[in-house]
Amino acid sequence: MVIKLEKDLEIVKEEGNISLPKDILEKIEIFWKKQTEENPHLFNGEVWSVIKIEELEEKIRLTIQKTNYAHYLYDERVGLDKKFACYNLNGGILLETIDKKYIVGEMDETTSYPKGLQISGGNLDQNDIKEDGTVDLIGNIARELKEELNLDLFDKNIIETYKMQYMEIPEGKRHSYAPMLKGFLKFTSEEMKKYYKDYKEYLTQTNQEVEFAKLHFINKENALEQLNTMDNPKRPYLRDLLYMDSKR
């Protein structure tokens, strides 16, 4: 489920790692071994899980604690009781081109979500944690945007404006918190298509990771109709996000 953010968002870190019972850890270990046999590109890096959410008078505060990608992936694909679930925190940005098209990336075959559709973004890492324990989510999104699309969030000649506007929240078996910016790109869809083609060629030639095999440009005026014609797997938030934004 995606909601519109009406208040500022604050994210703070809790020290230590999330503790799981021995039997669950054993199941995750067996699962992870099988996953890495099927996809050797998987990496069991750090993941930050939301352990508390507070709606205060002027802001929403999320408290996060460290876990790992194996915990996240097991919860996503197998499922865990809410008490032990991984409420993964990640950031993203919905970009709209000058000609009113949304940019949606199709994940590369070498990723953990081959051919999956999503906006640019990703998980937090230690570099996003400030000395005072708060989280630089804008910095996280800016880094992911630079890595994935080679776009500078803070360059007004590239992205005219951006604002923290939406957030995916847990619903049913989907345990995720994903604050999302809305940004207005100063490129047309054709200009962005060429720009990304050149960037992808550069990544390939320099043996760097390619996260998006291709970009899709979804018409704002009929976003859901176009999305529904695509057979790719889709991040659960994507339909809600495009529907909500296209009605603005």
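Our subject in this report is the structure included herewith.

Criteria and cut-off values
- Residues numbered from 1 in each chain as written.
- Predicted model: local features only at pLDDT ≥ 70, side-chain atom pairs only at ≥ 80, totals over all residues.
- Heavy atoms only, no water.
- Salt bridge = Lys/Arg side-chain N within 4 Å of Asp/Glu carboxyl O.
- Buried < 20%, exposed > 50% of the residue type's maximum accessible area, 1.4 Å probe, protein only.
- Helix = DSSP H or I, 4+ residues; strand = E, 2+ residues; numbered from the N terminus.
- Contact = heavy atoms within 4.5 Å.
- Pairing = 2+ DSSP bridges.
- Polar contact = N/O pair within 3.5 Å; in protein donor to acceptor, adjacent residues only side chain to side chain.
- Core = buried A, V, L, I, M, F, W, Y, C linked by side-chain atoms within 4.5 Å.
- Expected span 1.5 Å × (residues − 1).
- Arc of directions from axis to C-beta.

### Concerning the pattern of salt bridges
If the charged atoms of two oppositely charged side chains come close together, the side chains can form a pair.
Next, step 1: As enumerated under the stated definition, the model contains 21 salt bridges in all.
Next, step 2: A salt bridge links Glu15 to Lys13, with the shortest nitrogen-to-oxygen separation between them at 3.3 Å.
Next, step 3: For Glu15, a relative accessible area of 59% puts it in the exposed group.
Next, step 4: Where salt bridges share partners, they join Glu76, Arg77, Glu168, Arg174 and Arg235 into one cluster.

### Examining the environment of Trp48
Next, step 1: Its location among the elements puts Trp48 in strand β3 (residues 46-55).
Next, step 2: The class of Trp48 is buried, set by a relative accessible area of 2%.
Next, step 3: As for Trp48 and Glu168, which are separated by 120 residues in sequence, their C-alpha atoms are 15 Å apart.
Next, step 4: Apart from the residues within four sequence positions on either side, Trp48 is in contact with Lys13, Ile64, Gln65, Lys66, Tyr87, Asn88, Leu89, Leu124, Asp125, Gln126 and Ile129.

### Looking at the pairing of strand β10 (residues 176-185)
Next, step 1: In terms of burial, β10 is a largely internal element, 9 of the 10 residues being buried.
Next, step 2: Relative to β10, strand β5 (residues 88-96) runs parallel, the two sharing 7 bridges. Paired with Glu96 across the two strands is Phe184, which belongs to β10.
Next, step 3: Relative to β10, strand β9 (residues 159-168) runs antiparallel, the two sharing 8 bridges. Pairing of Tyr166 across the sheet is with Met180, part of β10.

### What about the side chain of Thr134?
Next, step 1: Here Thr134 shows up in the loop between β8 (120-123) and α3 (137-149).
Next, step 2: We classify Thr134 as buried; its relative accessible area is 17%.
Next, step 3: A distance of 2.7 Å separates a polar atom in the side chain of Thr134 from a polar atom in the side chain of Asp132.
Next, step 4: Sequence-distant contacts of Thr134, that is, excluding residues within four places in its chain, are made with Ile11, Val12, Asp128 and Ile129.

### Comments concerning the nonpolar core
Side chains of a nonpolar character, in soluble globular proteins, are inclined to be buried together.
Next, step 1: Counting 41 residues, the largest nonpolar core has Ile64, Leu149, Leu151 and Met192 as its most contacted members.
Next, step 2: The element contributing the most residues to this core is α3, with 5 residues.
Next, step 3: Apart from the residues lying within four places of it in its own chain, the contact partners of Ile64 are Ile11, Val12, Lys13, Glu14, Trp48, Ser49, Val50, Ile51, Leu89, Leu124, Ile129 and Val135.
Next, step 4: Counting 16 residues, the second largest nonpolar core, distinct from the first, contains Val104, Tyr166, Ile218 and Leu227.

### Quick word on the pairing of β3
Next, step 1: Examined bridge by bridge, β3 and strand β4 (residues 59-68) share 9 bridges and lie antiparallel to one another. Bridge assignment links Val50 to a residue of β4, and that residue is Ile64.
Next, step 2: In sequence, β3 turns back onto β4 through a hairpin of 3 residues.

### Focus on helix α4 (residues 189-205)
Next, step 1: Its 17 residues give α4 an end-to-end C-alpha distance of 24 Å, which sits within 8% of 24 Å, the value for a rise of 1.5 Å per residue.
Next, step 2: Of the residues making up α4, those classed as buried are Ser189, Met192, Tyr196, Tyr199 and Leu203. Buried residues along α4 cover an arc of 90° about the axis, so they all sit on one side. Counted as exposed and oriented over 90 degrees from the buried face of α4: Glu190, Lys194, Lys197 and Gln205.
Next, step 3: Where α4 is buried, its residues meet β6 (101-107), α3, β10 and β11 (212-219).

### Some points on unusual backbone geometry
Next, step 1: Residues other than glycine seldom take positive phi values, yet Lys100 does so here, at roughly 60°.
Next, step 2: Here Lys100 is to be found in the loop between β5 and β6.
Next, step 3: The residue Asn150 is not glycine, and still its phi comes out positive at about 60°.
Next, step 4: Tracing the backbone through its elements, the reader meets Asn150 in the loop between α3 and β9.
Next, step 5: Taking relative accessible area as the criterion, Asn150 reaches 23% and is therefore assigned partly exposed.

Everything listed here is a matter of coordinates, which is why it stays silent on function.
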